[in-house]
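Residues per chain, in single letters:
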Amino acid sequence: MKAFEESGSGAAAEPSSVGELATYLGGEVVGDPGRRIDGAASAESAGPSQITFALDQRTLETAAGAGCVVIPPGLQAGAGRTCIRVPQPKLAFVKLLERMWPAVAPEPGIDPQAQVHRSARLGSGVRIEAFAVIEAEAQIGAGSVLGCGAVVGRGNRVGEQCRIYPRVVLYPGVTLQDRVIVHAGVVIGSDGFGYVSDGVQARKFPQLGTVVIESDVEIGANSTIDRGALGETRIGRGTKLDNLVQIGHNVRIGRHCLVAAQTGIGGSAVVGDGVIIAGQVGIADHARIGDGVTLGGKSGVPAGRFLTRGVYWGVPARPLDEVKRQLAALALLAKRRGERGRAAK
Amino acid sequence: MKAFEESGSGAAAEPSSVGELATYLGGEVVGDPGRRIDGAASAESAGPSQITFALDQRTLETAAGAGCVVIPPGLQAGAGRTCIRVPQPKLAFVKLLERMWPAVAPEPGIDPQAQVHRSARLGSGVRIEAFAVIEAEAQIGAGSVLGCGAVVGRGNRVGEQCRIYPRVVLYPGVTLQDRVIVHAGVVIGSDGFGYVSDGVQARKFPQLGTVVIESDVEIGANSTIDRGALGETRIGRGTKLDNLVQIGHNVRIGRHCLVAAQTGIGGSAVVGDGVIIAGQVGIADHARIGDGVTLGGKSGVPAGRFLTRGVYWGVPARPLDEVKRQLAALALLAKRRGERGRAAK
Amino acid sequence: MKAFEESGSGAAAEPSSVGELATYLGGEVVGDPGRRIDGAASAESAGPSQITFALDQRTLETAAGAGCVVIPPGLQAGAGRTCIRVPQPKLAFVKLLERMWPAVAPEPGIDPQAQVHRSARLGSGVRIEAFAVIEAEAQIGAGSVLGCGAVVGRGNRVGEQCRIYPRVVLYPGVTLQDRVIVHAGVVIGSDGFGYVSDGVQARKFPQLGTVVIESDVEIGANSTIDRGALGETRIGRGTKLDNLVQIGHNVRIGRHCLVAAQTGIGGSAVVGDGVIIAGQVGIADHARIGDGVTLGGKSGVPAGRFLTRGVYWGVPARPLDEVKRQLAALALLAKRRGERGRAAK
């Protein structure tokens, strides 16, 4: 759990000239290439030795105090400003941050107060922190980190270079591929919500399946991912889940999706590739979300519904334009009714 | 935290003939009673030695690869298929799963790295895993399991055959009756959200009450249940809560309810028996939900509202038919307005 | 994790007379000042030796069994009742609860099974419970409590008289000022949800910032608060967050706000002072919520929207009166359409 204690917008990085940074980014200097930069910050707070980025004129003005601003081709730097012009300023800025404060690999080692079963297999360079538990026959790949008090269930496989933060719980039957990041408090492999009435009460449908988290997935704090009832729950390569997201049993999510906070996806729903889901969206059981769909915040997709590529919003989720027209029509209706009401008095 | 490592849809169970399974279920064989079955799987993935179930013709066709399908009376098996016909196929399938992969009782014992207060009382056959904490005067009933790092607060009573997964926290003042299942990361007994303005700031209303979880309740991962402010919060027998559910202080939920993921129930709300609440529903403070109510996904019940038996949806929650009529009327209004707009051009 | 084991509405407190309690509160006795009171309870359950409070006639009648009721100036006590009249009955009742069951300071000490780094600095009278972890250079102020299994990251500063419940995780870069209460399972300082497409996949925007929780903040169970990407995430003095609340990176929340359960606030949103946010509200990225705004349950504020003082509801959030008029207009429209439909048959 080493981290950013020496970074942050206030901390100093190794100084470079604007010219050196422009060369590193393959960008063009506008203004003074000799200016020294020893840090990065947001547009609002960047000071004379710090760099930031701006995608539009307004943000560039907000960044008036910055020593240098990374800007896109169309933007005018303005008199007396020093800028670096690149095709993708935000991506370039990320590269600068990675250069200024390179991620420090946590020190490997097994804390004497961790509990590792003798049949578990640990790759080289792993770090297992205090009070973590690794159960029988589990495998942890090379370079992975298991935070304080995390639990890796019996027989689980954790790939290489994974980062599992404190207090994560992986029930048995869970596989993480490589470079998976799991934030604190996440639960993976809990029982799905499945019951059958036996006439007297709800009888538990045995939850016997598994979970596979593919490579390069990131899962936000306190999210929950249920195991399959039969078969598996699967999150595709490169998909990112925000905090407090709920994934039901047997859900399949494709590759390179973004799922914002507090969204819930019900049992057996299928989400395609490159889907963008905003916060607090609900997708009910057995719904199918096609490749490239975007769902606006707080949308609700009814059970079994199939959405093809497009932008949707509302409850039930409808094409965004349709929702906007309906909202406008309703506002007009209420306004006219109000006017008639006043006229009648 | 032993579990399903040898189960799952891919694992082999003790083989039986279709005839034996039909006898076990009290069902009728259609096709070949001598066919060997050594596993169960979903309709999509079941293979020639596996059994599945189908409630309708389409699922039966999906299950074309299955060795045997459990079907209801009205469904035609089709030429060459082997089926078992029973009145309730899903319930029968659950019984088969329980027979094929019987739940293994976790091995009893107290991990030497658990911390059990000397005044705590443990029943026979309990299992206390590593880094769990049992505080003074708490009681754990016979056969119950306390997972890694779980905390049972001072004076709490946990009944018999309870299953408390890793990292659960029970504040003091919490009672679990028998056969309660609490998934990883759940918090029970935290302070309710109660404040009184003293003119300068919000002053905490002391949260002095308790929580009672009745028998056969199951609580999903990372859910939170607040203690009563005064008096108790109570979840009735046989009720099931999904993941990330929030239950406020002094809420009373009746028996045999189902509450899906990310639903929140506000302080002092009362929910009757046999209520079904879909995902992401919000029930505000002091609302009363009558016996047998069904609330559709993302519904919102305003504070103090009283709903009698029926099906409700929307924000605010209204009878389902009414909501559907309103959605249809709005769609028509917007469409006509659009047509008039185009006609005027 | 000591707590209320000797309190609760059923437990007896030191007895006092109604007259003594009225003097303590600066209130006026109606009825019998000599009546003995040894406890407090809700209006529904208070018995003849217990006190409760009522703000209206109906609650006063509900409290018929109570030995004494704290009431406001306008309310008539009724024949044979004993009451104490004060300007603010609920606040007075809180003062009585604090007097009857004063908060017991947890016993200080460091559990031998906690892991405290030798470079950490602990103030006087701190309590560190079993399996808690304090990393290098962290500071814990005087009188603070760190519950079982909680993690305080490298270099963090926790102020005085803070109460951190079990299983809380503070990533590095987090500051808690004084008297902060953090309930079980909360995660503070996790990475914000920030990615940039590099043309092939989502590349992580480094999350290098910090979190500051000002004094007298309370954070409900299993809530999550992300660190700033650059710069900080900040929760202002006296603000209270309920359970399962999500706060994105670089959010700033003002002073003395109340944020109910399952609400989510997106990245870089700004919330003013004295804002009241009901349950399951969503505030999207970069929205600005002015001082004194009230947001009704399940409201949704779109990205970048600015709301000034007022009461709002709905998705998108609109002035409450406007939403009510629109709901009424829609109900009328659907009703008339239904009547025309029936008339046409």
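Residues numbered from 1 in each chain as written. Chains lettered and ligands numbered in written order. Predicted model: local features only at pLDDT ≥ 70, side-chain atom pairs only at ≥ 80, totals over all residues.

K.L.:
Explanation requested: the overall build of chain A in the structure shown.
P.N.:
Secondary structure assignment for chain A yields four helices and 41 strands. Considered along the principal axes of its C-alpha atoms, chain A spans approximately 80 × 80 × 35 Å. Counting all 345 residues of chain A, 59% fall into the buried class. Counted over contacts in chain A with a minimum sequence separation of 6, partners at least 24 positions apart contribute 21%. (Helix = DSSP H or I, 4+ residues; strand = E, 2+ residues; numbered from the N terminus. Buried ≥ 20, exposed ≤ 12 C-beta atoms within 10 Å, placed from the backbone. Contact = placed C-beta atoms within 7 Å.)

K.L.:
Explain the relation of the copies chain C and chain A to me, please; I cannot follow it from the model alone.
P.N.:
To go from the first copy of the chain to the second, apply a rotation about an axis and then a shift along the same axis. Aligned on chain A, chain C shows an RMSD of 0.1 Å; the corresponding rotation is 120 degrees and the shift along the axis is 0.0 Å. Taken together, the rotation and translation relating the two chain copies correspond to the operation of a three-fold axis. In this assembly, only 19% of the residues forming the interface of chain C have copies in chain A that are likewise at the interface, indicating a heterologous arrangement. (Least-squares fit on C-alpha atoms with pLDDT ≥ 70 in both.)

K.L.:
Quick question: what am I supposed to make of the interface of chain C and chain A here?
P.N.:
Where interface size is given, it is often the accessible area lost as the parts come together that is meant. Contacts between the two partners involve 48 residues from chain C and, on the opposite side, 52 residues from chain A. Of all the elements in the fold, those that place two or more residues in the side of chain C that touches chain A are β21 (187-190), β22 (195-197), β23 (202-204) and α4 (320-343) of chain C. Here the element with the most residues in the side of chain C that touches chain A is α4 of chain C; it accounts for five residues. Residue classes in the side of chain C that touches chain A are distributed as 21 nonpolar, 20 polar and seven charged. (Nonpolar A, V, L, I, M, F, W, Y, C, P; charged D, E, K, R; others polar.)

K.L.:
In this structure, what is going on with α4 of chain C? I would like to understand it.
P.N.:
Think of an α-helix as 3.6 residues a turn; residues three or four steps apart then line up on the same face. For α4 of chain C, which comprises 24 residues, the first-to-last C-alpha distance of 35 Å matches the rise-based estimate of 34 Å (1.5 Å per residue) to within 8%. Listed as buried for α4 of chain C are V323, R325, Q326, A329, L330, L333 and A334 of chain C. In this structure, the buried residues of α4 of chain C make contact with α4 (320-343) of chain A, α4 (320-343) of chain B together with β40 (311-313) and β41 (318-319) of chain C. (Expected span 1.5 Å × (residues − 1).)

K.L.:
Could you clarify how one ought to interpret the pairing of strand β5 (residues 50-53) of chain B in this entry?
P.N.:
Taken residue by residue, a regular strand's side chains alternate between the two faces of the sheet. All names here are of chain B. Here β5 shows a buried face lined by Q50 and T52 and a second buried face lined by I51 and F53. Note that strand β4 (residues 39-40) and β5 share two bridges and pair parallel. Note that in β5 the partner of G39 across the bridge is Q50. Direction of pairing for β5 relative to strand β6 (residues 68-71): parallel, over a ladder of three bridges. Looking at the pairing, T52 lines up with V69 of β6. Between β5 and its parallel partner β6, the chain crosses via helix α2 (residues 57-62), and the hand of that crossover is right-handed. (Pairing = 2+ DSSP bridges. Right-handed = clockwise from strand over helix to strand, strands pointing away.)

K.L.:
Looking at this structure, I do not really get the interface of chain B and chain A. What am I missing?
P.N.:
On the side of chain A, 48 residues touch chain B, which itself brings 52 residues to the contact. Of the residues forming the side of chain B that touches chain A, the biggest block, six residues, is contributed by α4 of chain B. Among the residues forming the side of chain B that touches chain A, the class breakdown is 23 nonpolar, 19 polar and 10 charged.

K.L.:
What's the story with the pairing of β21 of chain C in this structure? I'm lost.
P.N.:
Residues and elements named next belong to chain C. Examined bridge by bridge, strand β18 (residues 169-170) and β21 share two bridges and lie parallel to one another. Bridging from a neighbouring strand, V169 pairs with V187 of β21. Bridge analysis of β21 against strand β26 (residues 224-226) gives three bridges, and the strand direction is parallel. Of the residues in β26, the one forming a bridge with V187 is T224.

K.L.:
Is there a simple way to think about the packing of α4 of chain A against α4 of chain C in this case?
P.N.:
To describe two helices that pack against each other, one gives the angle between their axes and the distance between the axes. The geometry of α4 of chain A relative to α4 of chain C is characterised by a closest axis approach of 9 Å and an angle of 90 degrees between their N-to-C directions. Classified by the interaxial angle, the pair formed by α4 of chain A and α4 of chain C is roughly perpendicular. Contacts between α4 of chain A and α4 of chain C involve L330, A331, L333, A334, R337 and G338 of chain A from the first element and R325, Q326, A329, L330 and L333 of chain C from the second. Its residues assigned to classes, the contact of α4 of chain A with α4 of chain C shows seven nonpolar, two polar and two charged. (Axes fitted to C-alpha atoms, helices over the stretch in contact; angles between N-to-C directions. Parallel < 35°, antiparallel > 145°, perpendicular 65-115°, else oblique.)

K.L.:
Sorry, what's going on with the domain arrangement of chain A here?
P.N.:
Domain parsing of chain A yields domain 1 (16-100) and domain 2 (168-320). On a C-alpha basis, the centroid separation for the pair domain 1 of chain A and domain 2 of chain A is 39 Å. (Domains from an automatic or database assignment.)

K.L.:
How should I be thinking about the confidence of the model for chain A in this particular structure?
P.N.:
Caution applies to low-pLDDT parts of the model: their predicted coordinates are not meant to be read in detail. For chain A, the mean per-residue pLDDT works out to 94, and 97% of the residues sit at or above 70. For this predicted complex, the interface confidence score (ipTM) comes to 0.95, while the overall pTM stands at 0.95. (pLDDT = per-residue confidence, 0-100.)

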